[in-house]
Structures are given as C-alpha cells and as structure tokens.
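# Analysis of the macromolecular model
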Amino acid sequence: MENQPQILVVDDDREIRDLLARFLVRHGFRVETAADGKAMWAVLRDRRIDLVVLDLMMPGDDGLTLCRELRGKSDMPVIMLTAMGEDIDRIIGLEVGADDYVAKPFNPRELLARIRAVMRRAGAAPRAGEGEAPASVLSFAGWSLDTGGRTLTGPDGQPVELTSGEFDLLLALAERPQRVLSREQLLDLTRGRESSPFDRSIDVQVSRLRRKIEPDPARPELIKTVRSGGYMFTPSVER
C-alpha cells in the first residue's frame, strides 16, 4: 500500500471531496482531503503527497493563492478544478504554476486521466505495460536537460526549477529543434489533449519557460514565435 501514489483533494464542497476520494481509492490511489487552505497545509506537513487536486473557488485563500504559495515551496504537481467557461482563471492558474486543469462539472474519469498523465510526466507513476524510456541529456546553448532525472541545468551550472508542465514543453521543443510546432501539436505532445480554439495554455507555459531560460524574455532567441504557425526551438541540440 505504501507504494501507492497519494493524492490530496482540496475543495470546500464536501460532496465533491467524498466522491473523488472514493473514486480515486477504487483506482489505486491513497487519498487525503482538505476543505480549505489551512487544512491543506496541515496535511502537507504530515503526509507525503504526490499530487494536489485544488479547487479554484474556495472561501478564504482561493485556489490561485494556494497554488502560488505551494509553487513557491515545492514542485509538487497541481491540477486545478475550475468553473466551466472561466478561461481567464485557467490561464492565471497556469501562470501561477498549475500543471493542468479540469473544468467543472467534470467526469471523474477525465480527472483520473489527467492525474495519471501529470504524474507520469512528473515521474511519480509508471506507464502501464511500458518499460522505462532510455534516459539522455539534451544540451543546447549551454543548457543541459536531463530527461531521466527531469532536471534542467543552466550555463552557470546551477539547477533551474521547472514544473512538470514546463519540463514537458521544453522536452517536446528540444526533441524537435528547428521545426515549427503548432499549439495543437504541443498540447498533444505535452498533455495528450486536443486544443480548443481559445485554449491559451501553451502560450502561458511558453511565457513562463521563456522567463526561466531566455536572456531577455521580451526578445526571445531560444523559443521563437512563428506567426500563424506556433513556436520553433532555434538552438542546435546534442545528445
């Protein structure tokens, strides 16, 4: 039982907390629940949590505030639960470091798929029926991206913290240098999700990534925007 991933569900709606807890336990997870930020921090102090499912709208500290504070302390994966149609909240959620989002009302199986995908990318859950992919280090412009350890080291030799979503985006780009990748392609490569016409999540992640790896994020050289196309990773990449 100890090797089962442990999920923390944070939502002020007791019915949703209980429903998700029962559903996730049936699918092989251990689950803790919290009704607000205070309870969330108490659980995080006492338990080893692998992923947080965090509701956006809660009394007291809302999900955005809690996600921002959590991201300042840890790179633990976070999936936000957002209201249907609140695109701006989803964008802000990704800006403050959430790895993915699911819109309410949602099918628990969709959330389960998102949890498994995010944890797989973060290295917390293996792919069913698959062996481990061979690890390698991708080097570009003085940077080193360790695909096995899922770490990024800067030209100065210092590690740079990335969320699992940022790491997957950088990996997708670095594995396909000098190619124009559309937002739809990048969303599929990093999340296995089809893009909607107004989905800006890739743009948000690119913006966050640029702030971490570009000498001047306002004039990006490593990740170029291609008008009406998407993005191109410009440096040469060596394995």
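Refer to the structure printed above.
Residues numbered from 1 in each chain as written. Predicted model: local features only at pLDDT ≥ 70, side-chain atom pairs only at ≥ 80, totals over all residues. Heavy atoms only, no water.

## What to know about the packing of aromatic side chains
Across all of its chains, the model carries one aromatic pair by this definition. One Lys or Arg, Lys73, reaches over the ring of Trp41 and ends 5.6 Å from the middle of that ring. (Phe/Tyr/Trp six-rings, centres within 6.5 Å; stacked < 30°, edge-to-face > 60°. Lys NZ or Arg CZ within 6 Å of the ring centre and 35° of its normal.)

## Section: helix H3 (residues 63-73)
Every buried residue belonging to H3 is among Gly63, Leu64, Leu66, Cys67, Leu70 and Arg71, and all of these are buried. Viewed along the axis of H3, the buried residues span an arc of 160°, placing them on a single side of the element. Those residues of H3 that are exposed and aimed more than 90 degrees away from the buried face are Gly72 and Lys73. Put simply, Asp62 is the residue that caps the front of H3, since its side-chain oxygen is 3.3 Å from the backbone nitrogen of Leu64. (Buried < 20%, exposed > 50% of the residue type's maximum accessible area, 1.4 Å probe, protein only. Helix = DSSP H or I, 4+ residues; strand = E, 2+ residues; numbered from the N terminus. Arc of directions from axis to C-beta. Polar contact = N/O pair within 3.5 Å; in protein donor to acceptor, adjacent residues only side chain to side chain.)

## Observations regarding the pairing of strand E4 (residues 78-83)
Extensive coverage of E4 is indicated by the burial of five of its six residues. Sheet topology note: the strand E3 (residues 51-55)/E4 ladder contains four bridges and is parallel. Its bridge partner being in E4, Val53 is matched across the sheet by Ile79. A crossover links E3 with its parallel partner E4, the connecting element being H3, and its sense is right-handed. Bridge count for E4 against strand E5 (residues 100-104) is five bridges, and the pairing is parallel. Within E5, the position partnered with Leu81 by the bridge is Val102. (Pairing = 2+ DSSP bridges. Right-handed = clockwise from strand over helix to strand, strands pointing away.)

## Brief notes about the nonpolar core
Generally speaking, nonpolar side chains in soluble globular proteins are found buried as a group. Residues Leu8, Val10, Met40, Leu44, Val52, Leu54 and Met80 are the most contacted members of the largest nonpolar core, which totals 25 residues. Broken down by secondary-structure element, the contributors of at least two residues to this core are strand E1 (6-10), helix H2 (37-46), E3, H3, E4 and helix H4 (87-95). The contact partners of Leu54, leaving out residues within four places of it in the chain, are Val10, Met40, Gly63, Leu66, Cys67, Val78, Ile79, Met80 and Leu81. Leu181, Val206, Ile213 and Tyr231 belong to the second largest nonpolar core, which has 24 residues in total. (Core = buried A, V, L, I, M, F, W, Y, C linked by side-chain atoms within 4.5 Å. Contact = heavy atoms within 4.5 Å.)

## A few points about unusual backbone geometry
Here the residue pair Lys104 and Pro105 is connected by a cis peptide bond, since its omega of -10° sits within 30 degrees of zero. On the secondary structure map, Pro105 appears in the loop between E5 and helix H5 (108-122). Positive phi outside glycine occurs at Gln178, with the angle close to 55°. Within the fold, Gln178 resides in the loop between helix H6 (164-174) and strand E10 (180-181). Residue classification places Gln178 among the partly exposed residues on the basis of a relative accessible area of 42%. A positive phi angle is found at Ser228, which is not glycine, with a value near 60°. Take Ser228: it is sitting in the loop between strand E11 (223-226) and strand E12 (230-233). Judged by its relative accessible area of 80%, Ser228 is exposed.

## Describing the sheet that holds E12
Pairing in this open sheet of three strands is antiparallel, and the strands run E10-E12-E11 from one edge to the other. Of all strands in the sheet, those with a lone pairing partner are E10 and E11, marking the two edges. Summarising the sheet, E11 and E12 pair through four bridges and their orientation is antiparallel. Its bridge partner being in E12, Thr225 is matched across the sheet by Tyr231. Contacts between H6 and the sheet are confined to E10, E11 and E12, with E12 contributing the most and set at about 70° to the helix. (Axes fitted to C-alpha atoms, helices over the stretch in contact; angles between N-to-C directions.)

## A word on the packing of H2 against H3
Direction vectors running N to C along H2 and H3 enclose 25°, while the axes themselves pass 11 Å from each other. As summarised for this structure, H2 and H3 are arranged roughly parallel, according to the angle between their axes. Relative to H3, H2 is oriented so that their crossing is right-handed. For the pair H2 and H3, the contacting residues are Gly37, Met40, Trp41 and Leu44 in the first and Leu66, Glu69, Leu70 and Lys73 in the second. Its residues placed into classes, the contact of H2 with H3 shows five nonpolar, one polar and two charged. (Parallel < 35°, antiparallel > 145°, perpendicular 65-115°, else oblique. Left-handed = near helix turned anticlockwise from the far one by under 90°. Nonpolar A, V, L, I, M, F, W, Y, C, P; charged D, E, K, R; others polar.)

## Thoughts on a positive patch on the surface
A cluster of like positive charges, contributed by Arg22, Arg26, Arg109, Arg116 and Arg120, occupies part of the molecular surface. Of all the secondary structure elements, the ones that give two or more residues to the positive patch are helix H1 (14-26) and H5. Along the chain, Arg22 falls in helix H1. (Patch = residues over 30% accessible without salt bridge, like charges linked within 9 Å, V, L, I, M, F, W, Y side chains within 5 Å. Areas by Shrake-Rupley, 256 points an atom, 1.4 Å probe, with all protein chains shown as cover. Salt bridge = Lys/Arg side-chain N within 4 Å of Asp/Glu carboxyl O. Lys, Arg positive; Asp, Glu negative; His and termini not counted. Charge placed at Lys NZ, Arg CZ, Asp CG, Glu CD.)

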